[in-house]
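As a plain string of letters, each chain reads:
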Amino acid sequence: MEYLIGIQGPDFVLVAADNVAASSILQMKHDYDKMFKLSEKILLLCVGEAGDTVQFAEYIQKNVQLYKMRNGYELSPSAAANFTRKNLADYLRSRTPYHVNLLLAGYDDADGPGLYYMDHLSSLAKAPFAAHGYGAFLTLSILDQHYRPDLTREEAVDLLKKCIEELNKRFILNLPSFTVRLIDKEGIHDLETLTSGAK
Amino acid sequence: MALEDICGFTDTPVHAKWFPTSLFEDSISSIHLTDNCTFGLRKPKKSEGNGGIPMDFFIPTLPNSASFNHRPLPSPPAKYSAMVRRPFPLSHGTTTLGFVFQGGVIAAADTRASITPIHSHLVVTSSGSGADCMLWERILAREIRLYQLRHRRRLSICGTAKLLSFMLHPFKGTEVCVALTLCGWDKGVTASTNSGPKLIYVCSDGARLQGDVFSVGSGSPYAYGVLDRELRWCLSKEEAISLAREAVFRATHRDAYSGNNVDLFHITAQGWIGYMYYYRTGALFLCCL
């Protein structure tokens, strides 16, 4: 139902998420933002079960901020991703696991851009591109075919548009608009919301 | 609370351990409650006192609740650990809706659902299980009033929604079924984005959504069908009221589980006014103070 996608370039990460907040067959909101800002250069994209997403993502968000307040410097994207995964793993075999799928995208001043894929079974993988949701089945092959490690920003946005075109063409559900953001050494930038042609 | 006496909480073995007069201060894990209402995020912490609400309120009953309470109980706990079967299949269905427009917020529902004022600028429409909604509305009203007394200002609607969502979180996965739409008007001190009409949907699954129009209940798709076509920001008050009535009426016609008449509340900066449409000719009015 929900869709997340991330594409890493040589010095940036491009991420996009759909804007639908659904409840059974209804779209309750058309402009819902699924990205959570963990720090100036880290975004957490979170989809999954209704309450779990916000609860878990806000918990991670506040803890990352707390780390910065206590220690005076921010967690790196890799550390934040591992911290997130650890929390997922701790709750996995409890009575109340968090059923969430995540993408963490960030820019480290030392290591450069990074995209981390995490799922509800608390696996963690650093990947050049990744997607979550049923839409991933349709778009991962497009990413496999056209991705290059030296993409420019425009090429990455074009690749993203190709993926969304495919969703509009073949995906049974209507995902009318997508929030798009780009992270680079300057921080997080909002790009133009991508909407499907049909209104 | 009087409700706890009726529900027999005072008879439960765990009741004694959570009250200040109790001699047994149990160090077994429990859910920690502070003045800031930081309800433990599913992680039980040591108890240090209570905020006046009996702690076992926030411990959902489990099939094997005996294993949950490690403390040896003075009386056999068998009757509290057995699952209570429903006497008959409960059918619940309603249509509730709320939307924001230039003249404030309209909250409407069929009379089977209920719309309850929490305070002069907040009204809650409920759907799901009637008993659960009634209980949680009372708890919410109490917590908001306590916040107002402690902090000398009214909690914002967003804060109220977050508080309710966090209170419902321990019961996720149990049979608690609560879907409330908070419709209210924030009186901000400054003209910030926080003040003005607000509409927030909170449900026991954990969802908390702020928006401009929500319809909840079994009749909600039918209501959306009417609302989505005609709803505009610039509606006049009479048009908005008539649109809300039309939407609920169409839903009660098509949905087997909605019916009776339409209750409607209009919230403005001055407070809420209720309209009960039980007669063809006119409406009964209710006003807040």
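In this text the structure is predicted, and so the values were computed from the model without any measurement. (Residues numbered from 1 in each chain as written. Chains lettered and ligands numbered in written order. Predicted model: local features only at pLDDT ≥ 70, side-chain atom pairs only at ≥ 80, totals over all residues. Heavy atoms only, no water.)

Trainee: Help me understand the sheet that holds strand β4 (residues 122-128) of chain B, please; the structure alone is not making it clear to me.
Mentor: What links the strands of a sheet is backbone hydrogen bonding, and the strands pair in either a parallel or an antiparallel sense. All names here are of chain B. With antiparallel pairing, 5 strands are arranged side by side in an open sheet as β3-β4-β5-β6-β7. For this open sheet the edge positions go to β3 (114-119) and β7 (208-210), each flanked by a neighbour on one side alone. Neighbour-to-neighbour, the strand axes of the sheet open up by a mean angle of 20°, direction not taken into account. As paired elements, β4 and strand β5 (residues 178-186) share 7 bridges and run antiparallel to each other. Within the sheet, the bridge partner assigned to V124 lies in β5 and is L182. (Pairing = 2+ DSSP bridges. Helix = DSSP H or I, 4+ residues; strand = E, 2+ residues; numbered from the N terminus. Axes fitted to C-alpha atoms, helices over the stretch in contact; angles between N-to-C directions.)

Trainee: Could you clarify how one ought to interpret the sheet that holds strand β6 (residues 42-48) of chain A in this entry?
Mentor: Residues and elements named next belong to chain A. The strand order across the open sheet formed by 5 strands is β5-β6-β7-β8-β9, and the pairing between neighbours is antiparallel. Taken across any chain shown, the strands that pair with only one partner, and hence form the sheet edges, are β5 (35-39) and β9 (124-126). In this sheet, neighbouring strand axes are inclined to one another by 20° on average, regardless of whether the strands run parallel or antiparallel. As judged from the 7 bridges shared by β6 and strand β7 (residues 100-108), these two strands associate in the antiparallel manner. The partner of G48 across the bridge, within β7, is V100. Contacts from helix α1 (residues 50-71) reach β5, β6 and β7 within the one sheet, and its direction differs from that of β5 by about 15°. Against the sheet, helix α2 (residues 77-92) touches β5, β6, β7, β8 (112-118) and β9, its axis set at about 160° to β7. (Contact = heavy atoms within 4.5 Å.)

Trainee: Looking at this structure, I do not really get the environment of V216 of chain B. What am I missing?
Mentor: All names here are of chain B. Structurally, V216 is set in strand β8 (residues 213-216). For the pair V216 and T181, spaced 35 residues apart in the sequence, the C-alpha separation amounts to 8.1 Å. When near neighbours in sequence (up to four residues on either side) are disregarded, V216 contacts T94, T95, T96, S127, A179, T181 and Y201.

Trainee: Which parts of the structure should I look at to understand a nonpolar patch on the surface?
Mentor: Residues M1, Y134, F137, I172 and L173 of chain A make up a contiguous nonpolar surface patch of roughly 640 Å² in combined accessible area. Looking at where Y134 of chain A falls in the secondary structure, it is placed in helix α3 (residues 134-146). (Patch = residues over 30% accessible without salt bridge, like charges linked within 9 Å, V, L, I, M, F, W, Y side chains within 5 Å. Areas by Shrake-Rupley, 256 points an atom, 1.4 Å probe, with all protein chains shown as cover. Salt bridge = Lys/Arg side-chain N within 4 Å of Asp/Glu carboxyl O.)

Trainee: Honestly, the packing of aromatic side chains in this entry has me stumped. Any pointers?
Mentor: Any aromatic ring pair is given by two values, namely how distant the centres are and how the planes are angled relative to each other. All names here are of chain A. Per the stated rule, a full pass over the model turns up 9 aromatic pairs over all chains. Taken together, a centroid distance of 5.0 Å and an interplanar angle of 75° make the contact between Y91 and Y98 edge-to-face. Cation over ring: K126 sits above Y116, and NZ or CZ is 5.8 Å from the ring centre. (Phe/Tyr/Trp six-rings, centres within 6.5 Å; stacked < 30°, edge-to-face > 60°. Lys NZ or Arg CZ within 6 Å of the ring centre and 35° of its normal.)

Trainee: Please clarify how the pairing of β7 of chain A should be interpreted in this entry.
Mentor: Along any regular strand the residues' side chains alternate between the sheet's two faces. Residue and element names in this part refer to chain A. Summarising burial for β7: 9 of the 9 residues are buried, a large majority. Covered by surrounding structure in β7 are V100, L102, L104, G106 and D108 together with N101, L103, A105 and Y107, the residues of both alternating faces. Direction of pairing for β7 relative to β8: antiparallel, over a ladder of 7 bridges. If you follow D108 over to β8, its bridge partner there is G112. Hairpin geometry of β7 and β8 is characterised by an intervening segment of 3 residues between the two adjacent antiparallel strands. (Buried < 20%, exposed > 50% of the residue type's maximum accessible area, 1.4 Å probe, protein only.)

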